[in-house]
Structure formats: C-alpha cells, structure tokens
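Notes for the structure review
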Amino acid sequence: SQKIEQNSEALNIQEGKTATLTCNYTNYSPAYLQWYRQDPGRGPVFLLLIRENEKEKRKERLKVTFDTTLKQSLFHITASQPADSATYLCALVVGGTSYGKLTFGQGTILTVHP
Amino acid sequence: DAGVTQSPTHLIKTRGQQVTLRCSPKSGHDTVSWYQQALGQGPQFIFQYYEEEERQRGNFPDRFSGHQFPNYSSELNVNALLLGDSALYLCASSPGLVTDTQYFGPGTRLTVL
C-alpha cells in the first residue's frame, strides 16, 4: 500500500542547533516533494519544493534533500530559533493526472528550546 | 493583496445536519482544492475545482460535494454529518491546474456533536 511517513511526531532541540526532519514514502513515484510549516490553528505555509531530478535545494537557513533510491527526503533547519517551533509537513505530488493533488505526511512537531 | 480567505472560522453542528463552507482564492488564482485535516494528522485531499468542474477527487464519500463559481470562489458541502467529520477544513488555491505551489487559507474548524 502507499504510505508517506514522517520520522517522529515530535522533535525537541536546543536553540542554535540543526533540526533534521525525515520524510519517507513507499509505493509512490513522486514528480516532486514539498515541505510546509503549520502553526496551531493556521493553514500550512509553503517552504520549499524539490523535484525528482534534484538532489538538494536551499533557502536561507533551510535545506532539503531528495533521494529517490532511498525514497526519502530530509529537511534541515540550521541555527534553529524558538520562532522555528511549529509543525512541519512533507507532501508529495505524483504528477500526470494527479498533478496538483498533495499527499501529506502526518507532520512532525518541532520545538526549539531557548 | 488578500490571500486565501475562508468562512466561517468555526462551526458547530450536530450529527445528521448539513454544512456549507466557503473559500475565496488568492487574487489571480483560478484553481481551488479542499483538504480535511483531523487533529494530529496531515491534511487529506478531498477534491479540486477548475473552470467550475471537479477535476480530481480523493477518497471521500459522496456526502462531500463542492462547487466553483465564475469568480473562482468555491463551496464545500457535507451532508449527513458524522462525528468523524470533525476536523479543520482547508482550502488551497493555485494559478492553474499544472502548478507547483498551493496557497492555503486559515481553515474552518468544524465540530460535529
């Protein structure tokens, strides 16, 4: 069966450290994968997109990698700050007639302690 | 420029009732998708509207239906509400069907008692 799983429900780290979140999928061939941030009671906010033929993308303190052999994406936040505390969601898009349909993981709650 | 807006913010209904949720897409966007997010879970795709037609549908029963208007705004209707329909309902818009990024609204929190 098709599954998309994020490594843990919650991740706690100290301010200044690098947070690494994992997204694994099975029985999908995604055209691309996205990462979103969601604050309590709010809608998800787009952060980064990485395509199947890309290995790594960066945006300021954020970095995402994509390994289609391992069927895994890693999301890194360097020099983390308490303001980075939120739920982070990965979502994949298969493409073709399913283009635009996002399939989400369950999310990882990140807490950055001062 | 207003982003995606949704109404109402919160809604309480009882089992068996019907509900209508509304969404106005971001300016310049013509495609609207709806997602259901249960507590502690990721959003699940319900359906997508483009040119006033349902283009894709997720694994949701026929009790969930929608509509898109000529101004691109959209409604989600749920009939015969069940307790399990309690969730945050999210609307997302994008400029066209074949596009990478979707912009989400703040959601409507539906509670079914």
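See above for the structure.
Structure report, in brief. (Residues numbered from 1 in each chain as written. Chains lettered and ligands numbered in written order. Predicted model: local features only at pLDDT ≥ 70, side-chain atom pairs only at ≥ 80, totals over all residues. Heavy atoms only, no water.)

1. Points about the state of the cysteines
All names here are of chain B. Summed over all chains, the structure comprises 2 disulfides over all chains. The disulfide partner of Cys23 is Cys91, and the S-S distance across this bridge is 1.8 Å. The chirality of the disulfide connecting Cys23 with Cys91 is left-handed, given an S-S dihedral of about -55°. Here Cys91 lies in strand β9 (residues 87-94) and Cys23 lies in strand β3 (residues 19-24), a separation of 68 residues in the sequence. Looking at Cys23, the relative accessible area reads 3%, which means it is buried. (Disulfide = S-S within 2.5 Å. Helix = DSSP H or I, 4+ residues; strand = E, 2+ residues; numbered from the N terminus. Buried < 20%, exposed > 50% of the residue type's maximum accessible area, 1.4 Å probe, protein only.)

2. A closer look at the interface of chain B and chain A
Contact residues are listed per partner, giving 21 residues for chain B and 21 residues for chain A. A buried area of about 1,500 Å², summed over both sides, lies between chain B and chain A, and 50% of it is on carbon and sulfur atoms. Interface area lost by chain B to chain A is led by B:Gln56, B:Asp100 and B:Phe104, which between them contribute 34%. Scanning the region where chain B abuts chain A turns up 0 salt bridges. Counting residues per element, the ones that place at least two in the side of chain B that touches chain A are β4 (31-37), β5 (44-50) and β9 of chain B. Considering each element in turn, the side of chain B that touches chain A owes the most residues, 3 residues, to β4(B). (Contact = heavy atoms within 4.5 Å. Buried area = accessible area lost by both parts, 1.4 Å probe. Salt bridge = Lys/Arg side-chain N within 4 Å of Asp/Glu carboxyl O.)

3. A look at the nonpolar core
Counting 23 residues, the largest nonpolar core has A:Leu33, A:Trp35, A:Phe75, A:Ile77, A:Tyr88 and A:Leu110 as the members making the most contacts within it. Elements supplying a minimum of two residues to this core: β3 (19-26), β4 (32-38), β5 (45-51), β7 (62-67), β8 (72-77), β9 (86-93) and β11 (108-113) of chain A. Discounting chain neighbours no more than four positions away, the residues touching A:Leu110 are A:Leu11, A:Ile13, A:Ala19, A:Ile77, A:Asp84, A:Ser85, A:Ala86 and A:Tyr88. Listed in part, the 20 residues of the second largest apolar core include B:Leu11, B:Phe64, B:Leu76 and B:Leu110. (Core = buried A, V, L, I, M, F, W, Y, C linked by side-chain atoms within 4.5 Å.)

4. Remarks on the pairing of β9(B)
Residues and elements named next belong to chain B. In terms of burial, β9 is a largely internal element, 8 of the 8 residues being buried. The side-chain alternation of β9 yields two buried faces, one formed by Ala87, Tyr89, Cys91 and Ser93 and the other by Leu88, Leu90, Ala92 and Ser94. For β4 and β9, the ladder comprises 7 bridges, and the chain directions are antiparallel. Bridging across to β9, Gln36 finds its partner in Tyr89. (Pairing = 2+ DSSP bridges.)

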